[in-house]
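# Breakdown of the fold
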Amino acid sequence: MTRLALGAVIALGLARGEAMDWLFYEENGGQYAAPEIRYRINGVSERAWVGVDSIHFGSSFEELDVRFAARPATGTVSLEPWPGMVNHFSGPTASWRRAIPAHRRLQYTSIAPSIDARFGISRAGDRPALTFAVGPGADVANLFLESSRPGSIDDAQGLWRILGPASSFRKPVAWQGSGIATRLVEASFVMQSSRRVTFSVATYDHNQPLFVEVALPLTLLDRAAIAGVRDGSNRLYAPADRPSDMVCSVNPGGGREYCPDAGVVGVAADGKPRFLTTLAGTYEDSTWSPFVLDRDGNLAITGRTGSSDFPVTVDAWQSSNAGPLGPFPRLAPPRGDLFLALIDSRDGNLLYSTFLGGPGEELANAIAPGTGSSIVLQLAAGKGFPVTQGAWLAAGGGVVAVFDTTLRRMSFATYLPEGFNVVRTLPAADGSIYFAGDAPDGLPATVAAIQPSYGGGPSDGYLLRLAGDGTKPLLATYFGGPSDDGIAGLTLAPDGTVWIVGSHEPGRIGRQQSFLAALRDDGRLAVAEKIIPAQFVSSFTATADGNLILLGAAHAAAAFTTPDATLRGDCGIGQPSGYFQIFRGDTATLYASYLPPSDRRTAPELYRDYQDRLLRPAPAALSLACVTNAADRRNTGRVSPGEVVTLVGLALGPPDGVSARPGADGRYPAELAGVRATVGGIAMPLLYVSAGQVNAIVPYGLTPGEKIDLALSYRETSTSVTLNTVAADFRLFSFDGSGSGHAAALNEDGSLNTASNPARRGSVVTVWGTGAGATTPSGADGGVAPSGPLEALPRPTGGLTANFLSYDQTPAAQIVYAGAAPGLVHGVTQINVRLPEQMPVTGAPGATLTFSAGGQSSPDTGLFVLVAP
């Protein structure tokens, strides 16, 4: 047998990169009980391994064995080692395996005369691959694949399809030579029997090695997308659970569900692998994210285990699993206790491991660094959790456990009050711990509480400060009123002030608001509540210079932006955009901006970039981020004829906004303050222009179903985006301009529909929207609809239907009029709707409107009008 040198193998042009970095073949040195497993294939979604003469594929849907050799190989050779460290900790200490040999590419020698089998990655770089290396003079008739299930050849694509839901071997690839001298050779499968295929190979040079590659039907994991915790050197640590050899349950169709093993990966700053560590018992074991790094740089991880033989160290705080044990039934909640483990962040070695739980069900909610060498775990726990001596509460709805990672012991563990939904945990410098979230009535309050009793509504915000030994509360207070309130974030300022950010829904119109407030360490208010835009909070931090940085997500026009904002509007598609704010210690707003959907910067990174811009200001370049419906300011990537749209971006127009007026011809202009916009090459009438946004009208002449370019120019610079054109994309205008909540509506007498002035049942209310599409007769681009009569005004060609959705039922809705809005620009649709006489109204909001325009349902247009009870 003539073997290619390693250098020649590497020069074959096989794909490199993220997939290659994380696809590897792990030797079985006893960590897998099944002796038939020679090499476990890692870096794929399925359970897969290589035996002496076959490859096994396993998933919840199927089990498949494919034989590739008539006889076992005479030996194996590592063509390229995997650079990371592989560790496998399972059962008693004597069974633990460290530094397990692993290979990026592997060779089985002499599976047939002068033929080797090589395992690596396909030439396309998208799958693991088996490559037959055929030596000079060897007979390709000795090449075959034999499946444990019957199959057939797809002549059109050259696939070998195995009966089952996900097993198709694509057409083989063959070549000779290497590098720039590589010459492809035509190859295909030949069906020899219902379970066996051989290979047909075109004419080739029998004096040179031939390579025939078969890409395996396995899915590479996207390691580039893994998320976890990073250290100061930008190294990443993340969960890497994978299926074990233990069957937890069997699907009705016969597929087997394998119990997972808990795993964690270490990734270098350049994305290269550092280690893969597995923690495994007999049954179900899985990690919970996020992880944290302790003061010594070790990785603290937690998760769940249903195994009595999960690996724990001799100094474990809890050496046995309190249960219940065993495999969990299909679709049933996982069994067993939690575990807490410390992993060496350098090589993935297991430093410490303990069970953590009682006989009830536990769930990890949060893990965070504490003061000194401690970490704080916040858990949901049933009865019987092993609390420490002197714990504040021996029973409740959740548990907080503080573990010292240097001393390897539990500092304390105590229950928290029943019903307290903890959202954020924050350790203080003196060792005490703040907990914030929401709670029902009946929780304890301390003497110094800002609000000693429940304010009402579904829930109140609740703030707890627990003593550093876990024996008593230093502060416990409600924070809320007669609405749905909660605390979403908290942070400590350098002066010891604790800041909270929360939300509530005040008033009958039910519009959610967020707020900021600050408390001294004795629990008294240091800064009174300040209302800020409603948002979902992801991080809230006090900086060393006394500012507050808040990173979250906000819908459409619900938020304000400062003039120096990176983005003045929401450009997220189907979800709120990122939203970043900076406040001074007196709550004055320094900066507020939406973020582009592609922006993945953390709050500290955003703050550093903001400070850099203050030191080195640079003029913004013209940039069009997105085009949104003007009614709800949401980005859908589509427009309809006649739709009023809002363009969002940077340097789109003059710094100070300019509003347009109809010209002598009665139409709005196509140029305003040096700004022009076209869509599909047709000029767009302009209503308003500024640096951050431009309001314009889509021409009626566009054809639905086409992709079009919308271009904007200002001061001899231009930019464009590509959009889809649809027949209708209808949205309603809201009371506050956000496109949600209270609709902008008039009662039948022409008065504004408000909480103090609701509509009567049986009366007609008027609302407005845009995006209803083409009209009959056609609307005039940029023209203003005359005052009447209504019968002569343009109506939507596709029609409009409406429903009122109350809390109790869906009564019929009667549209009295739907068409151009008298006195307003063509493209704004006015709808007069009669409220049903029998509409039940049980509280705010009174009635929610939903519309369908042009036969297309628009569920996002649901806004409410206020109706008298």
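Conventions and cut-offs
Residues numbered from 1 in each chain as written. Predicted model: local features only at pLDDT ≥ 70, side-chain atom pairs only at ≥ 80, totals over all residues. Heavy atoms only, no water. Disulfide = S-S within 2.5 Å. Helix = DSSP H or I, 4+ residues; strand = E, 2+ residues; numbered from the N terminus. Buried < 20%, exposed > 50% of the residue type's maximum accessible area, 1.4 Å probe, protein only. Core = buried A, V, L, I, M, F, W, Y, C linked by side-chain atoms within 4.5 Å. Contact = heavy atoms within 4.5 Å. Pairing = 2+ DSSP bridges. Axes fitted to C-alpha atoms, helices over the stretch in contact; angles between N-to-C directions. pLDDT = per-residue confidence, 0-100. Lys, Arg positive; Asp, Glu negative; His and termini not counted. Salt bridge = Lys/Arg side-chain N within 4 Å of Asp/Glu carboxyl O. Polar contact = N/O pair within 3.5 Å; in protein donor to acceptor, adjacent residues only side chain to side chain. Phe/Tyr/Trp six-rings, centres within 6.5 Å; stacked < 30°, edge-to-face > 60°. Lys NZ or Arg CZ within 6 Å of the ring centre and 35° of its normal.

Going through the model one piece at a time under the given rule, you end up with two disulfides. Each disulfide pairs two cysteine sulfurs, and for cysteine 248 the partner residue is cysteine 259, the sulfurs being separated by 1.6 Å. Its S-S torsion of about 110 degrees marks the bond between cysteine 248 and cysteine 259 as right-handed, since a negative value means left-handed. Linking cysteine 248 in strand 22 (residues 242–250) with cysteine 259 in strand 23 (residues 256–267), this pair joins segments that are eleven residues apart in sequence. Each of the two residues, cysteine 248 as well as cysteine 259, counts as buried. The disulfide partner of cysteine 571 is cysteine 626, and the gap between their sulfur atoms is 1.9 Å. The chirality of the disulfide connecting cysteine 571 with cysteine 626 is left-handed, given an S-S dihedral of about -75 degrees. One end of the pair, cysteine 571, is in the loop between strand 42 (548–554) and strand 43 (577–583); the other, cysteine 626, is in strand 45 (residues 623–629), with 55 residues separating them in the sequence. When the bonded cysteines of the protein chain are numbered from the N-terminus onward, they pair as 1-2, 3-4.

It is worth spelling out the nonpolar core at this point. Phe68, Phe132 and Leu145 are the most contacted members of the largest nonpolar core, which totals 45 residues. Setting aside residues no more than four positions away along its own chain, phenylalanine 132 makes contact with Phe68, Ile111, Ile115, Asp116, Leu143, Phe144, Leu145, Phe199, Leu210, Phe211 and Val212. In terms of nonpolar packing, the next biggest core, distinct from the first, is built from 25 residues, Ala660, Val698, Leu710 and Leu712 among them.

Take the sheet that holds strand 41 (residues 536–542) next. With respect to topology, four strands assemble into an open sheet ordered 41-42-43-44, the strand pairing being antiparallel. Each end of this open sheet is capped by a strand with a single partner; those strands are strand 41 and strand 44 (589–594). The average undirected angle you get between the axes of adjacent strands in this sheet is 10 degrees. Note that strand 42 and strand 43 share seven bridges and pair antiparallel. Looking at the pairing, alanine 554 lines up with serine 577 of strand 43.

This part is about unusual backbone geometry. The residue after serine 289, namely proline 290, is reached through a cis peptide bond having omega 15 degrees. A cis amide bond links threonine 776 with the next residue in sequence, proline 777, at an omega value of -10 degrees. Positioned with a positive phi, serine 110 is a non-glycine residue whose angle comes to about 55 degrees. Mapped onto the elements of the fold, serine 110 is located in strand 8 (residues 102–112). Owing to a relative accessible area of 15%, serine 110 belongs among the buried residues under this scheme.

Overall, the prediction assigns the protein chain a mean pLDDT of 88, with 91% of residues at 70 or greater. In this model residues 1–19 is a low-confidence stretch, pLDDT under 50, and it forms 46 contacts with partners more than four residues away in sequence or in other chains.

So, on to the side chain of glutamate 46. Relative to the helices and strands, glutamate 46 is located in the loop between strand 2 (39–42) and strand 3 (47–50). This buried residue, glutamate 46, is left without a salt bridge; arginine 127 holds the nearest opposite charge, at 8.5 Å. In terms of polar contacts, glutamate 46 uses its side chain to reach the backbone amide nitrogen of threonine 219, at 3.1 Å. Among residues more than four places away in sequence, those in contact with glutamate 46 are Gly58, Pro217, Leu218, Thr219 and Pro243.

What follows is about the pairing of strand 53 (residues 693–697). Among the five residues that make up strand 53, five are buried, leaving the element largely enclosed by the rest of the structure. Burial along strand 53 is two-sided: the residues Gln693, Asn695 and Ile697 and Val694 and Ala696 are all buried. When strand 47 (residues 644–650) meets strand 53, the two strands line up antiparallel, connected through five bridges. Note that in strand 53 the partner of valine 645 across the bridge is alanine 696. Relative to strand 53, strand 52 (residues 686–689) runs antiparallel, the two being bridged by three bridges. By the bridge assignment, valine 689 is partnered in strand 53 with valine 694. Adjacent in sequence and paired antiparallel, strand 52 and strand 53 are bridged by three residues.

With that out of the way, let us pick up the packing of aromatic side chains. Here the distance between the centres and the angle between the planes together describe a pair of aromatic rings. The full count for this structure, using the stated rule, is 26 aromatic pairs. Ring centres of phenylalanine 57 and phenylalanine 169 lie 6.2 Å apart, and the angle between their planes is 75 degrees; this geometry places the pair in the edge-to-face category. In this pair, phenylalanine 57 sits in strand 4 (residues 54–58) while phenylalanine 169 sits in strand 14 (residues 168–169), placing the two residues 112 residues apart along the sequence. For phenylalanine 57, a relative accessible area of 5% translates into the label buried. One residue, arginine 123, lies across the ring of tryptophan 175, its end atom 4.5 Å from the ring centre.

Along the chain, the position of valine 865 falls in strand 65 (residues 856–865). Since its relative accessible area comes to 0%, valine 865 is described here as buried. Taking C-alpha positions, valine 865 is 32 Å from tyrosine 478, a pair spaced 387 residues apart along the chain.

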